[in-house]
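So you can see what is in the structure, the chains are spelled out below.
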Amino acid sequence: MEIKLFGRGRALRVAVAITCQTAFVFFGYDQGVFSGIIGNPDWLDRFGHPNSSLEGIIVSIYNLGMFTGCIVNFIVGEQFGRRKSMWLAMAFVVIGASLQTSAFSRPHLMVARFITGVGTGIDTATTPVYQSELCDANIRGRLVSSEPLFVGVGIVIAYWFDYGMSFVGGSVSWRLPIACQMIFAFAVIIFVFGLPESPRWLYAKGKNREALQVLCDMYDVPPEDEKIQHEQNAVLEILAIERETGEYKWSQLLKRDEVQTGRRVLLAYGMQFMNQMGGINLVVYYVTSVLEKNVGLTRNLSLILGGCINTMFVLGSLVPTFFLDRLGRRRPMMVGSLGLAIRAAIGTSANALWNFFVVMITPVITQALPWQWPFVFMVLNFAFILLVYFCYPETANLTLEEMDLLFTRGDDDLGADKKILGRSTAVVRSLDRCGAWRKRERGSQKSKLPWRLPRTQGL
């Protein structure tokens, strides 16, 4: 059910952005809130002062829930659509947060964190897709890259809230911060009532009239408008190709086919691997514990420094938020990995599965390697620079449909595509890389896909 609370055009686009970013503020809050809690005296007394291994499991089971949520979304997401999936996610979050808030035993707490993680996994698998499918290509990069910014905002809110509640004492000092994550969940539930379904999902389900109406509402133009016709034709062409080739099966996940499915899956998986193995979750979940136990600072000072360190997360996220479409995707990833590697080196001199893995092993590794552990992340981040440079194509300023040409073009078609996308030298270089990749993979075999990218104006 959709209630048109936000009208048409710019107001509706802003409402979509606010709703999606609220979902990511929740994600950040949920990640950050436990960092200031696991050292809370009342929390430790309540749950029997868990050792480092058990502490890692209690914290990381949330990430295992996220992994499960991603699998759930894979199974039911296309049936439910984007709006219903977001409602389902927030329902899990509310249930899990309620159980966490009322927890009195370790099993109770662990089950509650797992359920919350399931909701977060569905949310993080749905929200970026929903936002990408409802925004212009020329601002898609900024909107999607602003998600880490709002995740950072949520983390910072959680850290400083934990710090303020540390002066209260008693169980309310940790139960209230956990309960407050439901505020964001209820806000998303309410906002989604006023938002449309994804037009691309509607087209895929054969609801073409509804999809066309959504596009017209989003841009506040009539159906005959050139922009609407271009977007509609591009989506329908892609869907026609997908129907011709048939639905992908698990057995085809790493297949070397004309659209390079296997390579695209590995690139996406590799990016998530780099994101987690760069060491970010050690900072998000455990920086206060590390500062207190490894460095020997007081709990009060550890909480303050933890809040300041994660505030830097927000400041760093401002760069891709406002400049990603100009800088491209690959360069910020390489610079970011370099920065993290240098950060790890400086730290050394001063003293939804990879996420689970890092969060689970952190209490153990920081105890076993009290000053050597940053070297692990330093080496990984240096390696990620090379991985991004050689393996990841540039996608700045391309629509979702246009990005397919980076993976589906035969070598003979690249010259024409460079002219179509001539505004971006980074895209041309990516086309050259993809052409070289295909040449290595398939020799001189040419693409047999029976379609070409429409010659659109304004590109």
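Note that the structure is predicted; figures quoted are calculated from it, not measured. (Residues numbered from 1 in each chain as written. Predicted model: local features only at pLDDT ≥ 70, side-chain atom pairs only at ≥ 80, totals over all residues. Heavy atoms only, no water.)

A.B. asks: Please provide a residue-by-residue account of the packing of aromatic side chains, values included.
C.D. replies: Under the counting rule described, the total for this entry stands at eight aromatic pairs. Ring geometry for Tyr 29 and Phe 184: centres 5.5 Å apart, planes at 50°, overall tilted. One end of the pair, Tyr 29, is in helix α1 (residues 10-32); the other, Phe 184, is in helix α8 (residues 181-192), with 155 residues separating them in the sequence. The same class applies to Tyr 29 and to Phe 184, which are both buried. Ring plane angle 85° and centroid distance 5.2 Å describe the contact between Tyr 163 and Phe 167, whose orientation is recorded as edge-to-face. We classify Tyr 163 as buried; its relative accessible area is 17%. Judged by its relative accessible area of 58%, Phe 167 falls in the exposed class. Among the aromatic residues, those joined into a cluster by ring pairs are Phe 34, Trp 43, Phe 47 and Trp 174. Across from the ring centre of Phe 34, 4.0 Å away, lies the NZ or CZ of Arg 113, which sits over that ring. Here the basic side chain of Lys 227 rests over the ring of Tyr 219, its NZ or CZ set 4.8 Å away from the ring centre. (Phe/Tyr/Trp six-rings, centres within 6.5 Å; stacked < 30°, edge-to-face > 60°. Helix = DSSP H or I, 4+ residues; strand = E, 2+ residues; numbered from the N terminus. Buried < 20%, exposed > 50% of the residue type's maximum accessible area, 1.4 Å probe, protein only. Lys NZ or Arg CZ within 6 Å of the ring centre and 35° of its normal.)

A.B. asks: So, the packing of helix α6 (residues 137-165) against helix α7 (residues 172-179): which residues are in play, and what are the values?
C.D. replies: With their axes 9 Å apart at the nearest point, α6 and α7 run at an angle of 155° to one another. Put simply, α6 runs roughly antiparallel to α7. Read as a crossing pair, α6 and α7 show a hand that is right-handed. Where α6 abuts α7, its residues Phe 161, Asp 162 and Met 165 lie against Val 172, Ser 173, Leu 176 and Pro 177. Of the residues that constitute the contact of α6 with α7, the class distribution is five nonpolar, one polar and one charged. (Axes fitted to C-alpha atoms, helices over the stretch in contact; angles between N-to-C directions. Parallel < 35°, antiparallel > 145°, perpendicular 65-115°, else oblique. Left-handed = near helix turned anticlockwise from the far one by under 90°. Contact = heavy atoms within 4.5 Å. Nonpolar A, V, L, I, M, F, W, Y, C, P; charged D, E, K, R; others polar.)

A.B. asks: Break down helix α17 (residues 373-391) for me, with residues and values.
C.D. replies: With 19 residues, α17 ought to run about 27 Å at 1.5 Å a step, and its terminal C-alpha atoms sit 28 Å apart, in line with that. Looking only at α17, the buried set comprises Trp 373, Pro 374, Phe 377, Met 378, Asn 381, Phe 384, Ile 385 and Val 388. The buried side chains of α17 occupy one side of the element, clustering within an arc of 140° when seen end-on. Exposed positions of α17 whose direction lies more than 90 degrees from the buried face are Val 379, Leu 386 and Phe 390. (Expected span 1.5 Å × (residues − 1). Arc of directions from axis to C-beta.)

A.B. asks: Explain the pattern of salt bridges to me, using residue names and the numbers behind them.
C.D. replies: Tallied over the full model, the rule gives six salt bridges. Residue Lys 227 is joined to Glu 231 by a salt bridge in which the shortest nitrogen-to-oxygen separation is 3.8 Å. With a gap of four residues between them, Lys 227 and Glu 231 both fall in helix α11 (residues 226-245), about one helical turn apart. Here Arg 299 makes a salt bridge to Glu 292, at a shortest N to O gap of 3.8 Å. A residue is classified by how much of its surface remains accessible, and Arg 299, at 17% relative accessible area, is buried. It is possible to trace a salt-bridge network through shared partners that takes in Arg 8, Asp 217 and Asp 220. (Salt bridge = Lys/Arg side-chain N within 4 Å of Asp/Glu carboxyl O.)

A.B. asks: A description of a nonpolar patch on the surface should follow, citing residues and the corresponding values.
C.D. replies: On the surface, Met 312, Leu 315, Leu 318, Val 319, Phe 322 and Phe 323 cluster together to form a nonpolar patch covering roughly 560 Å² of accessible area. Among the structural elements, Met 312 can be located in helix α14 (residues 299-327). (Patch = residues over 30% accessible without salt bridge, like charges linked within 9 Å, V, L, I, M, F, W, Y side chains within 5 Å. Areas by Shrake-Rupley, 256 points an atom, 1.4 Å probe, with all protein chains shown as cover.)

A.B. asks: Got a sec to walk through the nonpolar core? Specific residues and values, please.
C.D. replies: If you look at the biggest cluster of nonpolar residues, it comprises 73 residues, and the most contacted ones within it are Phe 34 and Trp 43. Of all the elements, α1 adds the most residues to this core, at ten residues. When sequence neighbours within four positions are dropped, the list of residues in contact with Trp 43 reads Phe 34, Ile 37, Ile 38, Pro 50, Ile 58, Leu 109 and Trp 174. Ranked by size, the runner-up nonpolar core spans six residues in total, among them Leu 267, Met 274, Met 277 and Tyr 392. (Core = buried A, V, L, I, M, F, W, Y, C linked by side-chain atoms within 4.5 Å.)

A.B. asks: So what's going on with the confidence of the model for the protein chain? Which residues, and what values?
C.D. replies: Mean pLDDT over the protein chain stands at 77; residues scoring 70 or higher make up 74%. Here residues 343-352 is modelled with pLDDT under 50, and outside its nearest four sequence neighbours on either side it reaches 16 contacts, counting other chains as well. (pLDDT = per-residue confidence, 0-100.)

A.B. asks: Describe in detail the environment of Gly 56, supporting the description with residues and values.
C.D. replies: Tracing the backbone shows Gly 56 in helix α3 (residues 52-80). The sequence separation of Gly 56 and Tyr 285 amounts to 229 residues, and the corresponding C-alpha distance is 9.9 Å.

A.B. asks: If you had to explain the side chain of Ser 60 to someone new, which residues and values would you point to?
C.D. replies: Of note, Ser 60 is situated in helix α3. Classification of Ser 60 as buried rests on a relative accessible area of 0%. A polar contact of 2.7 Å, which involves the side chain of Ser 60, links it to the backbone oxygen of Gly 56. (Polar contact = N/O pair within 3.5 Å; in protein donor to acceptor, adjacent residues only side chain to side chain.)

A.B. asks: Could you give an account of α6, naming the residues involved and the relevant values?
C.D. replies: Between its first and last C-alpha atoms α6 spans 43 Å; for 29 residues at 1.5 Å apiece the expected length is 42 Å, and the two agree. Of all the bends in α6, the greatest, near 25°, is centred on Glu 147, and the proline Pro 148 appears no more than four residues after it. (Bend = angle between axes of the 7 residues up to and from the residue.)

A.B. asks: Give me unusual backbone geometry: which residues, what numbers.
C.D. replies: Apart from glycine, the bulk of residues carry a negative phi angle, and the bulk of peptide bonds sit in the trans form. A positive phi angle, near 45°, is found at His 49, a position not held by glycine. Even without being glycine, Asp 220 reaches a positive phi, approximately 55°. When you line up the elements, Asp 220 lands in the loop between α10 (208-219) and α11. According to the relative accessible area criterion, Asp 220 is partly exposed, its value standing at 47%.

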